[in-house]
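Coordinate inspection notes
Chain by chain, the residues run as shown.
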Amino acid sequence: MPVSSEPSVDQDSPPDSDGPALPINELFESLQGEGVLAGVPSIFIRTSGCNLRCWFCDSYHTSWEPTHAWMDLDEIVDRVSEFDADHVVLTGGEPLIHEEAVTLINRLADRGYHITVETNGTIAPPPGTPIDLASISPKLASSTPTPERPPAGGDAAETADTGVDDWQQRHEANRIDHEALTALIERFGFQLKFVLTGRDDLPEIEDLVGELRAETETEVADTDVLLMPEGQTREQLADTRREVAEVAIESGYRYTPRLHVDLWNDAPET
Ligand SMILES: C[S@@+](CC[C@H](N)C(=O)[O-])C[C@H]1O[C@@H](n2cnc3c(N)ncnc32)[C@H](O)[C@@H]1O
Ligand SMILES: Nc1nc2[nH]cc(C(=O)O)c2c(=O)[nH]1
Ligand code: SF4
Ligand SMILES: [Mg+2]
């Protein structure tokens with residue numbers, strides 16, 4: 001059962017407890033569906049809350065309408081240890097907006113887990129944070145919500161008053177942060193995983209990758225750049241994936257599938 005459907009879902013502030021805690025939307029075991037580790041059995045910890053608002057966000061209840069239960073880090077580590085996998089994926093929402101995420105990463109690394117952090121690339125944890133793979137997904141102009149492109153998740157009633165007008169400017173202003181991106185690239189093993197709505201997104205990716213190469217001495221190889229089709233359902237993916245695959249062949253960047261959509265149509269806890 002997703003943590004978000006437990007009775008404590010409406011707790012908006014941390015519980016009165018001594019230790020650090022995080023707002024958790026769901027915690028489950030699945031296969032890593034995206035990127036260079038696609039197919040690897042992994043435990044997903046999904047925090048709630050985000051500093052951006054992509055119109056296509058497939059985790060609507062962590063960004064546009066955040067829901068969660070607060071969990072102590074001890075409780076999170078206990079839940080993780082109930083599963084068999086040795087890979088943990090910390091995701092969200094944007095997990096790195098929470099300072100406690102770094103404490104959790106350290107505790108999990110002490111227990112020997114391989115740690116991937118799924119991040120939008122606007123925040124870089126301190127050097128030495130034991131992240132094995134920073135899975136960085138910088139957000140392109142085509143992610144920006146507009147009145148014509150309101151949030152795709154949620155139902156009509158939920159999406160009626162989500163503040164798209166306010167978020168259009170805020171998202172656009174904050175979606176790319178060169179300092180955070182270069183810090184992530186220099187500090188951790190990384191992949192740059194772009195969501196493409198179509199062929200028109202390629203020039204912006206090429207420009208950004210070129211700028212990042214100029215800004216850091218760390219090598220950013222074409223094989224570190226992954227193109228992922230936008231789509232929350234099998235039907236939507238079927239519309240975008242062929243075009244994105246062709247763009248990958250033409251550009252020399254990698255293509256990544258979304259296995260969890262292919263396998264489970266992105267149902268909760270998959
Ligand atoms: C929900 S986000 C959470 C982590 C972080 N906020 C981020 O955006 O990278 C997890 C991954 O899903 C991707 N994603 C979200 N909505 C998507 C969609 N509709 N189609 C394809 N990928 C999507 C994001 O780009 C990111 O790589
Ligand atoms: N199976 C599966 N793989 C994933 N890789 C990244 C995900 C995410 O939401 O961050 C994700 C997800 O939600 N499910
Ligand atoms: S940055 Fe990630 S979690 Fe935030 S709105 Fe975009 S896809 Fe969703
Ligand atoms: Mg997902």
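Procedures and definitions
Residues numbered from 1 in each chain as written. Chains lettered and ligands numbered in written order. Predicted model: local features only at pLDDT ≥ 70, side-chain atom pairs only at ≥ 80, totals over all residues. Heavy atoms only, no water. Core = buried A, V, L, I, M, F, W, Y, C linked by side-chain atoms within 4.5 Å. Buried < 20%, exposed > 50% of the residue type's maximum accessible area, 1.4 Å probe, protein only. Helix = DSSP H or I, 4+ residues; strand = E, 2+ residues; numbered from the N terminus. Contact = heavy atoms within 4.5 Å. Pairing = 2+ DSSP bridges. Near = heavy atom within 4 Å. Polar contact = N/O pair within 3.5 Å; in protein donor to acceptor, adjacent residues only side chain to side chain. Areas by Shrake-Rupley, 256 points an atom, 1.4 Å probe, with all protein chains shown as cover. Nonpolar A, V, L, I, M, F, W, Y, C, P; charged D, E, K, R; others polar. UniProt positions renumbered as here; feature names shortened; annotations may be inferred. Axes fitted to C-alpha atoms, helices over the stretch in contact; angles between N-to-C directions. Parallel < 35°, antiparallel > 145°, perpendicular 65-115°, else oblique. Left-handed = near helix turned anticlockwise from the far one by under 90°. Patch = residues over 30% accessible without salt bridge, like charges linked within 9 Å, V, L, I, M, F, W, Y side chains within 5 Å. Salt bridge = Lys/Arg side-chain N within 4 Å of Asp/Glu carboxyl O. Lys, Arg positive; Asp, Glu negative; His and termini not counted. Charge placed at Lys NZ, Arg CZ, Asp CG, Glu CD.

1. Re the nonpolar core
Counting 45 residues, the largest nonpolar core has I45 and I76 as its most contacted members. Element by element, the count of residues in this core is highest for helix α6 (residues 202-215), at five residues. In this structure, I45 is in contact with I24, E26, L27, I76, V80, V88, V89, L90, T91, L104 and L108, ignoring residues within four places of it in sequence. Among the nonpolar cores identified, the runner-up in size contains ten residues, and F56, Y60, W64 and W167 belong to it.

2. Quick notes on the pairing of strand β6 (residues 133-136)
Along β6, one buried face is formed by L133 and S135 and the opposite face, lined by A134 and I136, is buried too. Sheet topology places β6 next to strand β7 (residues 190-196); three bridges connect them, and they run parallel. Across the sheet, the residue bridging to A134 is F190, located in β7.

3. Topic: the site of ligand 2
The local shell around ligand 2 consists of S30, L31, Q32, G33, E34, F44, R46, T91, E118, H260 and T270. One of the backbone nitrogen or oxygen atoms of L31 is found 2.7 Å away from a nitrogen atom of ligand 2. Within the side chain of Q32, an N or O atom sits 2.5 Å from a nitrogen atom of ligand 2. Protein contact buries 95% of the 320 Å² of open area that ligand 2 shows by itself. Of all elements in the fold, only β1 (21-31) and β2 (41-47) reach the threshold of two or more residues within the shell around ligand 2. Here the residues of the shell around ligand 2 are counted per class, giving two nonpolar, six polar and three charged.

4. Let's talk about the UniProt feature "binding site: substrate" (unreviewed entry) in the protein
UniProt annotation of "binding site: substrate" (unreviewed entry) refers to L31, Q32, G33, R46 and T91 when read in the numbering used here. Spanning 61 residues, the named residues nonetheless gather at one spot, since no C-alpha pair among them exceeds 14.5 Å. Here R46 is to be found in strand β2. A relative accessible area of 13% places R46 in the buried class. In this structure, R46 is in contact with P23, I24, N25, E26, F28, S59, T62, T91 and G92, ignoring residues within four places of it in sequence. A polar contact of 2.7 Å, which involves the side chain of R46, links it to the side chain of E26.

5. Describing the packing of helix α5 (residues 178-187) against α6
Relative orientation of the contacting elements α5 and α6 amounts to 65 degrees, with a least axis distance of 10 Å. Put simply, α5 runs roughly perpendicular to α6. The element α5 and its partner α6 pack so that their crossing is right-handed. Touching H178, L181, T182, I185 and E186 of α5 are L208, E211, L212 and E215, all from α6. Considered class by class, the residues forming the contact of α5 with α6 number four nonpolar, two polar and three charged.

6. A few points about the packing of helix α1 (residues 73-81) against helix α2 (residues 100-110)
At a minimum axis separation of 11 Å, α1 and α2 run at an interaxial angle of 40 degrees. Regarding the angle of α1 to α2, the classification is oblique. As for how α1 packs across α2, the hand of that crossing is right-handed. Along the contact surface, α1 presents L73, D74, I76, V77 and V80, while α2 presents E100, T103, L104, R107 and L108. Residues that form the contact of α1 with α2 fall into these classes: six nonpolar, one polar and three charged.

7. Let's talk about a negative patch on the surface
A cluster of acidic side chains, namely E206, D207, E211 and E215, defines a negative patch on the protein surface. Its location among the elements puts E215 in helix α6.

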